[in-house]
Amino acid sequence: MEDRIQREPATPAVRERVQDSFGRQGLMSHHGARLAHIGPGRVHIVLPARPEVTQQHGYVHAGATSAIADSAGGYAALTLFDEESEVLTVEYKINLLAPAAGDHLEAIGSVLRSGRTLTVCQMEVYGVLADGPRKLVANGQQTLIRVDSIAG
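What counts, and at which threshold
Residues numbered from 1 in each chain as written. Predicted model: local features only at pLDDT ≥ 70, side-chain atom pairs only at ≥ 80, totals over all residues. Heavy atoms only, no water. Patch = residues over 30% accessible without salt bridge, like charges linked within 9 Å, V, L, I, M, F, W, Y side chains within 5 Å. Areas by Shrake-Rupley, 256 points an atom, 1.4 Å probe, with all protein chains shown as cover. Salt bridge = Lys/Arg side-chain N within 4 Å of Asp/Glu carboxyl O. Lys, Arg positive; Asp, Glu negative; His and termini not counted. Charge placed at Lys NZ, Arg CZ, Asp CG, Glu CD. Helix = DSSP H or I, 4+ residues; strand = E, 2+ residues; numbered from the N terminus. Buried < 20%, exposed > 50% of the residue type's maximum accessible area, 1.4 Å probe, protein only. Polar contact = N/O pair within 3.5 Å; in protein donor to acceptor, adjacent residues only side chain to side chain. Contact = heavy atoms within 4.5 Å.

(A) Summary view of a negative patch on the surface. A surface patch of negative charge is lined by Asp82, Glu83, Glu84 and Asp148. You can see Asp82 is positioned in the loop between α4 (62-78) and β3 (85-96). Taking the relative accessible area as the measure of exposure, Asp82 reaches 38% and is therefore partly exposed.

In structure tokens, the structure reads:
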């Protein structure tokens, strides 16, 4: 039952809001990342492994790994906010558990607690091979702040 809840889709309005915001992120576009799932309090971002995001040993760079984790958590928080609110990261801690290898990485951001001002999210990043195996390569936690919408 938990897997069904974790894969529950967000409302069309929330999905559109997250997709629009994600589309304005130059870094995610530059890295070639895409949204794979938008649900209430849960977002998945996929990053294809390509030479432009690797480090000198051929693994996906920790900066790219951290960036998709941070964005996944931020957008997970945004799914629970009202339309007049935006989200900014206050801080995050990430543990790099294994070399980030695979055909792509999948970052999963999950809200642990959504408050009036601060929200805490869990972040997980998996290295995924085309034939199916997944390996946890990073995990972390972040704190985000709810701010008034700056779109005008």
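From this point on, the discussion continues.
(B) Focus on the side chain of Glu124. Mapped onto the elements, Glu124 comes out in strand β5 (residues 118-128). With no salt bridge to any partner, buried Glu124 finds its closest opposite charge in Arg42, at an N-O distance of 5.2 Å. Side chain to side chain, Glu124 and Gln122 meet in a polar contact 3.5 Å long. A polar atom in the side chain of Glu124 sits 3.5 Å from the side chain of Tyr126. Non-local contacts of Glu124, meaning those with residues more than four positions away in its chain, are made with Glu106, Ala107, Ile108, Leu136, Ala138 and Asn139.

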